[in-house]
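A structural walkthrough
In case you want the letters, here they are:
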Amino acid sequence: AEEAQKALSEDLDHVWHPLLQHKTLRENPPLLMVAGHGATVVDAEGREYIDAFAGLWCVNVGYGRTEIAEAAYEQLRKLAYYPHTQANVPAALLADRVSRLAGMEHTYFVNSGSEANEAAFKLARQYHKNRGQPERYKIIGRYYAYHGTTLATLAAGGLPERRVKYEPMPDGFLHAPPAYCYRCPFGQKYPSCGLACARYIEYMIEAEGPETVAAIVMEPIQSGVGVLVPPDEYLPTVAEIARRHGVLLIIDEVINGFGRTGRWFAHQHYGIRPDLMAVAKGISSGYLPLAATLATDEVFQGFLGDPAEGRHAMQVNTWGGHAGACAAALKNIELMEREDLVGNAERVGAHLIAGLRSLSHHRWFGEVRGKGLLAALELVEDPDTRRPLAGALLNRIAAACQARGVIVGKYAGWSASGVGTGTALLFSPPLVLTREEADRIVAVVDEALREVGG
Ligand code: PMP
């Protein structure tokens with residue numbers, strides 16, 4: 001206990017947490033996490049929590065998987081690291097495995113989701129340059145999207161509160177409205193809207209001049225602002241628009257990927273094939289840090305270029321293909337396959353979502369959205385006006401869940417009018433979640449809503 005107190009005090013003095021959290025850190029000290037098993041994490045005082053947020057959407061295979069620790073240990077003993085200017089066995093096997101799961105031939109290993117998206121943006125631009133279309137540089141993202149914390153990924157994202165302090169942003173990033181039917185940016189209703197949000201992307205491409213647009217980037221299901229599940233035809237429509245205009249489609253599967261939505265990759269629900277794809281988080285379930293950018297062979301050949309003409313890709317990083325991290329990721333994927341965790345995500349996810357929908361009698365209940373073990377409960381002051389619930393109340397609800405042994409995610413919108421985004425509890429538990437644990441999450445959310453909301 002003394003050791004834990006000392007660690008926490010050193011943490012408060014020296015560690016930078018995500019800076020949003022920092023000003024309230026002393027009143028709301030972080031939990032000192034020391035262990036975990038399955039979907040459960042354990043703090044220094046021995047309290048157990050069902051982690052309904054999987055450590056920021058990433059621990060897909062669950063906590064305490066000693067098989068992964070052992071696979072990493074074996075590799076670290078043999079050869080922890082050699083730069084990917086040469087080859088190593090785990091990286092080669094992993095690239096093969098991931099490429100086959102994704103149906104995309106080439107994998108470039110990086111260290112974070114931000115870097116994976118950043119590489120995709122660079123390579124999309126280079127692809128067009130190599131094809132004699134240097135003026136194709138614009139990248140269309142979506143408002144309220146999150147693609148990472150580096151300057152270009154912030155520019156591609158659409159969250160003003162994360163971006164404006166760091167402006168000016170790199171040039172050439174445009175934004176389309178999200179596919180958000182509960183708060184339709186066009187004030188319409190599905191399906192009579194005719195998918196105005198997808199059509200607007202074509203309008204943007206034409207108005208900008210298709211010969212200036214390099215790529216579109218999106219998550220299949222926009223996670224962070226409240227799990228915005230699009231209508232089924234949205235992604236196929238966007239993919240078709242991109243193809244027709246010679247624009248590459250970059251799919252961000254950093255959260256959606258590796259089984260979370262009940263498919264290996266969420267875009268597979270919609271029958272599309274991306275040109276470039278970013279993955280991170282669930283690829284190694286956080287046992288060691290790893291991420292990757294994938295490309296189809298056609299696109300890969302396109303940006304590879306000819307070194308003699310100076311057109312080759314200039315993309316490099318130090319830790320890419322780290323042998324220890326790749327060994328952990330390989331074992332992670334093997335466990336997911338052996339235990340059918342993608343199927344479990346689909347089945348237990350449907351159960352969790354049905355459970356959350358059964359809370360519709362609460363006065364703050366707005367809507368439940370989700371696929372697999374990726375879900376959100378949007379909370380409103382009043383279901384008729386759909387005015388978002390205040391962030392302070394959301395914090396109290398999440399704290400009440402934590403006090404009852406369930407950690408949930410939360411998103412509090414920036415827009416007071418509610419035109420932009422709402423307020424939501426977020427759920428992305430480890431894919432090993434059982435039906436009983438899903439029931440417990442729902443029961444705790446129910447109690448927390450009653451405690452805070454009366
Ligand atoms: N894309 C999405 C959709 C994300 O949610 C995140 C991180 N939460 C990122 C990219 C960036 O990943 P990282 O934090 O590993 O840089």
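The rules behind these values
- Sequence order as written defines the numbering, with residues in each chain counted from 1.
- Restriction of local features to residues with pLDDT of at least 70 applies here, the model being predicted, together with a cutoff of 80 or more for giving and counting side-chain atom pairs; totals for whole chains, interfaces and linings are based on all residues.
- Secondary structure elements are taken from DSSP: a helix is a run of H or I of four residues or more, a strand is a run of E of two residues or more, and numbering for both begins at the N terminus.
- Restricting the calculation to C-alpha atoms gives the radius of gyration, and the globule rule supplies 2.2 Å times the number of residues raised to the power 0.38.
- Labels follow a simple rule on C-beta atoms placed from the backbone: if 20 or more others lie within 10 Å of a residue's own, it is buried; if 12 or fewer, it is exposed; otherwise it is partly exposed.
- Two residues form a contact once the distance between their C-beta atoms, set from the backbone, is within 7 Å.
- Strands pair, by our definition, only if DSSP identifies at least two bridges between them.
- Here, axes are lines fitted to C-alpha atoms. For helices the fit covers the stretch in contact, and angles between N-to-C directions go from 0 to 180 degrees.
- Think of it this way: take the backbone, place a C-beta atom on it, and check whether that atom is within 6 Å of the molecule or strand, in which case the residue is near it.
- Roughly parallel covers angles under 35 degrees, roughly antiparallel covers those over 145, roughly perpendicular covers 65 to 115, and oblique covers all other angles.
- We call a crossing left-handed when the near helix sits turned anticlockwise from the far one by less than a right angle, and right-handed when that turn is clockwise.
- Here a nonpolar core is just a set of buried residues of the types Ala, Val, Leu, Ile, Met, Phe, Trp, Tyr and Cys, joined wherever their C-beta atoms sit within 7 Å.
- Segment limits for the domains were obtained from an automatic or database-derived domain assignment.
- pLDDT: the predictor's confidence for each residue, scored from 0 to 100.

Here the focus is the overall build of the protein chain. Scanning the protein chain from N- to C-terminus turns up 14 helices and 16 strands. For a compact globule of 454 residues, the expected C-alpha radius of gyration is about 22 Å, and the protein chain comes in at 22 Å, within 12% of that figure. Summarising its shape, the C-alpha atoms of the protein chain cover approximately 65 × 60 × 40 Å along the three principal directions. Evaluated residue by residue, the protein chain yields a buried proportion of 49% over its 454 residues. A separation of at least 24 residues holds for 72% of the contacts in the protein chain among residues at least 6 apart in sequence.

Before going further, it helps to examine the sheet that holds strand β4 (residues 106–110). A sheet is described by the order of its strands in space; here 7 strands give the open sequence β4-β10-β9-β8-β7-β5-β6, paired in mixed fashion. Because the sheet does not close on itself, it has two edges, and the strands there are β4 and β6 (173–176). With strand direction ignored, the average angle separating the axes of adjacent strands in the sheet is 20 degrees. Both strand β9 (residues 276–279) and strand β10 (residues 291–295) contribute to a ladder of 4 bridges, which runs antiparallel. Residue pairing for β10: Met277 is matched across the bridge by Leu294.

The next subject is unusual backbone geometry. In this model, Glu167 is joined to Pro168 through a cis peptide bond whose omega is 5 degrees. Its place among the elements puts Pro168 in the loop between α7 (160–163) and β6. For the bond from Tyr190 to Pro191, the omega torsion is 5 degrees, close enough to zero to count as cis. For Pro191, the position within the fold is in the loop between β6 and α8 (196–208). Positive phi, close to 65 degrees, is recorded for Trp57, a residue that is not glycine. On the secondary structure map, Trp57 appears in helix α2 (residues 54–57). Even without being glycine, Leu195 reaches a positive phi, approximately 55 degrees. Structurally, the position occupied by Leu195 is in the loop between β6 and α8. Classification of Leu195 by C-beta neighbours within 10 Å gives partly exposed; the count is 19.

Take the sheet that holds strand β2 (residues 40–43) next. Within the open sheet, the 4 strands sit side by side as β1-β2-β3-β14. Their pairing is mixed. The two strands at the open ends of the sheet, each matched to only one other strand, are β1 (33–37) and β14 (406–407). With 2 bridges joining them, strand β3 (residues 48–51) and β14 adopt parallel strand pairing. What sits directly across from Ile50, in β14, is Val406.

This next bit is on the site of the ligand. Near the ligand you find 15 residues, and of these Ser112, Gly113, Ser114, Gly148 and Val254 are the closest. Looking at which element gives the most residues to the shell around the ligand, the answer is helix α5 (residues 113–130), with 3 residues.

On to the packing of helix α12 (residues 341–357) against helix α14 (residues 435–453), then. Contact geometry of α12 with α14 gives a least axis separation of 9 Å together with a crossing angle of 20 degrees. Accordingly, the angle class assigned to the pair α12 and α14 is roughly parallel. The chirality of how α12 crosses α14 is right-handed. From α12, Val348, His351, Leu352, Gly355 and Leu356 reach across to α14, where they touch Arg435, Ala438, Asp439, Ile441 and Val442.

All right, on to the nonpolar core then. Ile216, Leu248, Val279 and Leu425 are the most contacted members of the largest nonpolar core, which has 141 residues in total. Per element, the largest residue contribution to this core is 10 residues, and it comes from helix α11 (residues 323–338). Counting contributing residues per domain, this core is built from domain 1 (31–60 + 340–453) and domain 2 (67–338), each supplying no fewer than three. With sequence-adjacent residues up to four places away left out, Leu425 is seen in contact with Ala376, Leu377, Leu379, Ile397, Ala398, Val408, Gly409, Lys410 and Val445.

On to the domain arrangement of the protein chain. Here the protein chain is described as being made up of domain 1 (31–60 + 340–453) and domain 2 (67–338). Relative placement of domain 1 and domain 2: their C-alpha centres are 26 Å apart. Across the boundary between the two partners, domain 1 contributes 33 residues, which contact 28 residues of domain 2. For the side of domain 1 that touches domain 2, the secondary-structure elements that each account for two or more residues are α2, α12, β11 (365–371), β12 (374–382) and β16 (423–427).

Turning our eyes to something else, we now look at the confidence of the model for the protein chain. The predicted model of the protein chain averages 95 in pLDDT, with 98% of residues at 70 or higher. For this predicted complex, the interface score ipTM comes out at 0.99, while the overall pTM is 0.97.

What follows deals with the packing of α5 against helix α10 (residues 297–304). The interhelical angle for the contact between α5 and α10, taken along N-to-C directions, is 70 degrees, at an axis separation of 7 Å. Comparing their axes, α10 and α5 come out roughly perpendicular. Touching Leu123, Gln126, Tyr127 and Asn130 of α5 are Val299, Gly302 and Phe303, all from α10.

Time to look at the environment of Ala207. By the secondary structure assignment, Ala207 is in helix α8. Taking C-alpha positions, Ala207 is 21 Å from Cys193, a pair spaced 14 residues apart along the chain.

A word on the environment of Asn317. Examined against the element boundaries, Asn317 turns out to sit in the loop between α10 and α11. Along the primary structure Asn317 and His84 are separated by 233 residues, whereas in three dimensions their C-alpha atoms are 8.5 Å apart. Every residue in contact with Asn317, bar those within four places of it in the chain, is listed here: Val110 and Asn111.

Tracing the sequence through the fold places Phe53 in the loop between β3 and α2. With 22 C-beta atoms packed within 10 Å, Phe53 lands in the buried category. On a C-alpha basis, the gap between Phe53 and Phe427 in space is 5.3 Å, while along the polypeptide they are 374 residues apart. Apart from residues no more than four positions distant in its own chain, Phe53 is found in contact with Ile407, Val408, Gly409, Leu426 and Ser428.

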